[in-house]
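# Descriptive structure summary
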Amino acid sequence: MSEKSDTNNRMLTMAESLREAMTIAMTERDDVFLMGEDVGIYGGAFGVSSEMQNKFGEERVIDTPISELGIVGAAVGAALAGMRPIVEIQFSDFTAQAMDQIANQAAKIHFMLGGALHVPLVLRTPQGSGTGAAAQHSQVLETWFANIPGLKVVVPSNPADAKGLLLSAIDDPNPVIFLEHKLLYKFPGRDAVPEGSERIPLGVSKVVRRGSDLTIVATGIMVNKSWDVAEKLAAEGINITLIDPRTISPLDMEPIHESVRETGRLLVVQEGPSHGGFINEVIARVSESPTFGSLIAPIKRLAGMNIPIPYAPQLERAAVPQVEDIEVAAREIVKNWR
Amino acid sequence: MTTIQLLKGHPLSSKEHATHALLYMWKVRKFEEAVKDLFGRGMMHGTMHLSIGQEASATGMCLALDLADQITSTHRGHGHCIAKGADLTRMIAELLGKKIGYCGGRGGSMHIADVETGNLGANGVVGGGIPIAVGAALASKLQKKGTVAVSFFGDGAMNEGAFHEAANLAAIWKLPVIFFCENNHYGMSSSTDKAFAIHKLSDRGLGYGIPGVTVDGNNVVEVYEAAEAAVARAKSGGGPTIIEAVTYRWEGHSRSDKNLYRTKEEIEEWKHKDPIPKFISILHEKNLLSQVEIDAIQQQAYDEIMHAVNEAVKAESAEPSGLLDAVFKKVSA
Ligand SMILES: Cc1ncc(C[n+]2csc(CCOP(=O)(O)OP(=O)(O)O)c2C)c(N)n1
Ligand SMILES: [Mg+2]
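Along each chain, numbering runs from 1 in the same order as the chain's sequence is written. All chains are assigned letters beginning with A, and all ligands numbers beginning with 1, in the order in which they are written. In view of the model being predicted, local features appear only for residues whose pLDDT reaches at least 70, and side-chain atom pairs are presented and counted only at 80 or more, with totals across whole chains, interfaces and linings using the full set of residues. The side-chain quantities take in all heavy atoms of the structure and omit both hydrogens and water.

### Regarding the overall build of chain A
Helix and strand counts for chain A come out as 13 helices and 12 strands. For the radius of gyration, the atoms used are the C-alpha atoms, and the globule rule reads 2.2 Å times the number of residues raised to 0.38. For 338 residues, the compact-globule estimate of 2.2 N^0.38 gives 20 Å, and chain A sits close to it at 20 Å. Overall, the C-alpha framework of chain A stretches about 60 × 45 × 40 Å when taken along its three principal axes. Looking at chain A residue by residue over its 338 residues, the buried ones come to 62%. If you take every contact in chain A between residues at least 6 apart in sequence, the share linking residues at least 24 apart comes to 82%. Using a 1.4 Å probe, accessible areas were evaluated by the Shrake-Rupley method; residue-level cover was limited to the displayed protein chains. Total accessible area computed for chain A in this model is approximately 12,700 Å², and 53% of it derives from carbon and sulfur atoms. For the purpose of counting charges, residues Lys and Arg are taken to be positive, whereas Asp and Glu are taken to be negative. His and the chain ends are not included. Where a charge lies is defined by one atom per residue type: Lys uses NZ, Arg uses CZ, Asp uses CG and Glu uses CD. In chain A, which carries 30 positive and 42 negative side-chain charges, the distance between the mean positions of the two groups comes to 5 Å. Numbering of helices and strands runs from the N terminus, with a helix taken as a DSSP run of H or I at least four residues long and a strand as a DSSP run of E at least two residues long. Burial here depends on accessible area, computed with a 1.4 Å probe over protein chains only, as a share of the maximum for the residue type. Under 20% is buried, over 50% is exposed, and the range in between is partly exposed. The contact criterion used throughout is that any non-hydrogen atoms of two residues lie within 4.5 Å.

### Notes on the nonpolar core
Here is a general trend for soluble globular proteins: nonpolar side chains tend to be buried in one another's company. Remark: nonpolar core denotes a set of buried residues (Ala, Val, Leu, Ile, Met, Phe, Trp, Tyr, Cys) joined through side-chain atoms within 4.5 Å. Formed by 78 residues in total, the largest nonpolar core has its most connected members in Leu22(B), Phe31(B), Met44(B), Met61(B) and Ile243(B). Residues Val154(A), Val176(A), Leu202(A) and Val223(A) belong to the second largest nonpolar core, which totals 53 residues.

### A few points about the side chain of Gln70(B)
Following the sequence through the fold, Gln70(B) ends up in strand β1 (residues 70–72). The residues contacting Gln70(B), other than those within four sequence positions of it, are Gly118(B), Leu120(B), Ala136(B), Val148(B), Ala149(B) and Val150(B).

### Quick look at the coordination of the magnesium ion (ligand 2)
Protein coordination of the magnesium ion (ligand 2) is provided by Asp155(B) (OD), Asn184(B) (OD1) and Tyr186(B) (O), with donor distances spanning 2.1 to 2.2 Å. A relative accessible area of 8% places Tyr186(B) in the buried class. Ligating atoms shown are N, O and S within 2.8 Å of the metal, or 3.2 Å for Na, K and Ca, and water is not included, meaning a site may look less than complete.

### Considerations on the interface of chain B and chain A
Counting residues at the interface gives 39 residues for chain B and 32 residues for chain A. Once two parts are joined, some of their accessible surface, as seen by a 1.4 Å probe, is lost; buried area is that loss totalled over both. When the area that chain B buries against chain A is broken down by residue, the three leading residues are His45(B), Met188(B) and Leu323(B), summing to 22%. Within this document, salt bridges are pairs made up of a side-chain nitrogen of Lys or Arg and a carboxyl oxygen of Asp or Glu, the two lying within 4 Å of each other. Taken together, the links from chain B to chain A amount to 0 salt bridges. Identification of polar contacts relies on pairs of N or O atoms within 3.5 Å, with a donor-acceptor requirement for protein atoms, meaning one able to donate a hydrogen and the other able to accept it, and with residues adjacent in sequence counted only if both atoms are side-chain atoms. Put simply, chain B and chain A have 12 residue pairs in polar contact (both at pLDDT 80 or more) between them. Residues were grouped as follows: Ala, Val, Leu, Ile, Met, Phe, Trp, Tyr, Cys and Pro as nonpolar; Asp, Glu, Lys and Arg as charged; and all remaining residues, including Gly, as polar. Of the residues belonging to the side of chain B that touches chain A, the class tally is 14 nonpolar, 19 polar and 6 charged.

### Structural notes on the sheet that holds strand β6 (residues 212–216) of chain B
All names here are of chain B. Strand pairing follows a simple DSSP-based rule, namely that at least 2 bridges must link the two strands. With respect to topology, 5 strands assemble into an open sheet ordered β1-β2-β3-β7-β6, the strand pairing being parallel. Among the strands making up the open sheet, the edge pair consists of β1 and β6. Taking each pair of neighbouring strands and ignoring which way they run, the sheet shows an average axis angle of 20°. In this sheet, strand β7 (residues 241–246) lies alongside strand β3 (residues 177–183) in parallel orientation, the contact comprising 6 bridges. Orientation is described by axes fitted as lines to C-alpha atoms, over the contacting stretch for helices, and by angles from 0 to 180 degrees between their N-to-C directions.

### Observations concerning a nonpolar patch on the surface
Like-charged residues are merged into a patch within 9 Å and nonpolar side chains (Val, Leu, Ile, Met, Phe, Trp, Tyr) within 5 Å, provided each residue has over 30% relative accessible area and no salt bridge. A contiguous nonpolar surface patch, about 500 Å² in accessible area, is contributed by Leu80(A), Phe111(A), Met112(A), Leu113(A) and Leu117(A). Of note, Leu117(A) is situated in the loop between α6 (109–112) and β4 (122–127).

### Some thoughts on the pattern of salt bridges
Note on pairing: side chains with opposite charge can pair once their charged atoms come close. A full pass over the atoms with the stated rule returns 32 salt bridges over all chains. In this structure, Glu28(A) engages Arg199(A) in a salt bridge whose closest nitrogen and oxygen atoms are separated by 2.8 Å. One end of the pair, Glu28(A), is in helix α2 (residues 14–28); the other, Arg199(A), is in the loop between β6 (176–181) and β7 (206–209), and 171 residues separate them in sequence. Arg199(A) sits in the partly exposed class, given a relative accessible area of 27%. Glu293(B) is the partner of Lys15(B) in a salt bridge, and the nearest nitrogen-oxygen pair spans 2.8 Å. Of this pair, Lys15(B) sits in helix α1 (residues 15–40) while Glu293(B) is found in helix α11 (residues 291–314), placing the two residues 278 residues apart along the sequence. A relative accessible area of 36% means that Lys15(B) is categorised as partly exposed. Accessibility expressed as a relative area gives 28% for Glu293(B), which makes it partly exposed. Through salt bridges with shared partners, a single network forms among Arg10(A), Glu20(A), Lys163(A) and Glu195(A).

Dropping the structure here:
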């Protein structure tokens, strides 16, 4: 669908594009290194760093014991001392173990110390449900991090974006939490992944497709689900603008305001529980701006149920928005508000 | 549900005890094999962490416990759960996402708990159960219940902060808790050689003032004897003990494991140290059970597992309705 796919046909999976970004960064500069549980010969729990230890050696692709607080803290310290660590936490749920170093140390050091020090650190971690791993291995915790000033929070939805965003995250002089949906690792996106080392800047929302009937803002895997819906409804004459913020903190609202002013209808979609969720921030910013006056329909929210993620597949599916839910919601808003 | 018939005591103290120990080791083995099969046939989803090769440690420890004694367990927890007396049908049903499963299909393999047998729950978080066992021991002490709490965990978990903080609390408060470390040589791909700068993991107790013992985790008799001593110490107010049971996991860490970090020879070598034949040879030596009796025990274990699988397969699936109501325990009026 994009111009890019004409010039090259590199349909990588997200695991591959992330590996490519890390490989480029580690080749470009020797202060970048990767550290985490099983990132070496195992290639990380989801194979993202597969073969990287062979290429860069055990000193730059460092296997650690199961000690999340220790390894994130060590990454903070190494960052303060002139390195650019990438830390992989095996599941985002276990950032909880490391939360002091993330929230109280990394996020605050630059501001709190009057700018004397800064923390160029990337914390990569898989999130999300759909694998039957139950409540302690399936959460979408993006809201936790977005609620802590001092952290940049990136939620890529496809391999091409993941590569460019990760390169920018590694360049960034601040702590960046990079949240990868585990169901996206194995699949190629719709767009080919560019060959070079082009960066995609953090803090720029992407308009994935344009239409004048409804604006959908979605994060992570919900971008893909919303795309399917937009495609299907386009055939029925319902045209959707789909916006992927990509960086949820800082948040680029401009394309969202612009689109809502045109469509007058807004549907926001996330996988994490609705209570206190990131999408509420999008709604608040629309509501407190002049864009609010352009709305012709109440804003609609689709989010995970306010429950821990259950195990059995039939329960797990029910816990988070599915393509059918997005389709129903999108169609209803457009039909009921003219 | 079936009644809980646990027989506490030394596995060589009588024919009944020997039968019990062997039966439970076989049950764990057959259970894990059945899980592998269900997975292979696509009937179970999610992931699985099998404890094949580690049956003696779970069994030996639980043979020293009363029903009221409590355990916390791990992602590799089927064996602990069975050895503590859980109902096999409800376990399999949980793995299959059935309503009668221990968690009503909400928890799956990594989260089975059974209040009746004192199992406070498996855990998806490495090290997550360790402070919880310490808390259970604190409650036992405050309520003068006279029970002990056992935390099962892996070698890998010993490097989590949770272990260290929990160990110190248990030591200074002299709590009736046992830190039972199943050292199967790996935490996923990370070997104990790489993850520790000490050889005997039970030495970790030294820094906290907790006595530690290291035993052959594939010898149910040795495990039992260490467990019995630790239980006696805990129940008499002596405080915590660390038991390191040295063992080996035959299967990959989980389904996605390609076993790149160890050799086939190493796995084969450990298969020769299989805890079940090891116990059987002791039984022969002591003339406690005949081969016919031993074969019958194996058959019984197999039959029990097959019965559980058949019952669980037939059971009704869990339904999504009511999930929201399940988040909080109702506040009683
Ligand atoms: C806090 C935390 N970190 C990482 C993981 C991922 N993980 C699950 S099991 C495991 C290895 C655990 O090793 P060990 O404690 O030795 O137990 P074993 O698997 O050998 O039984 C890892 C890294 C986790 N579940 N929880
Ligand atoms: Mg282990």
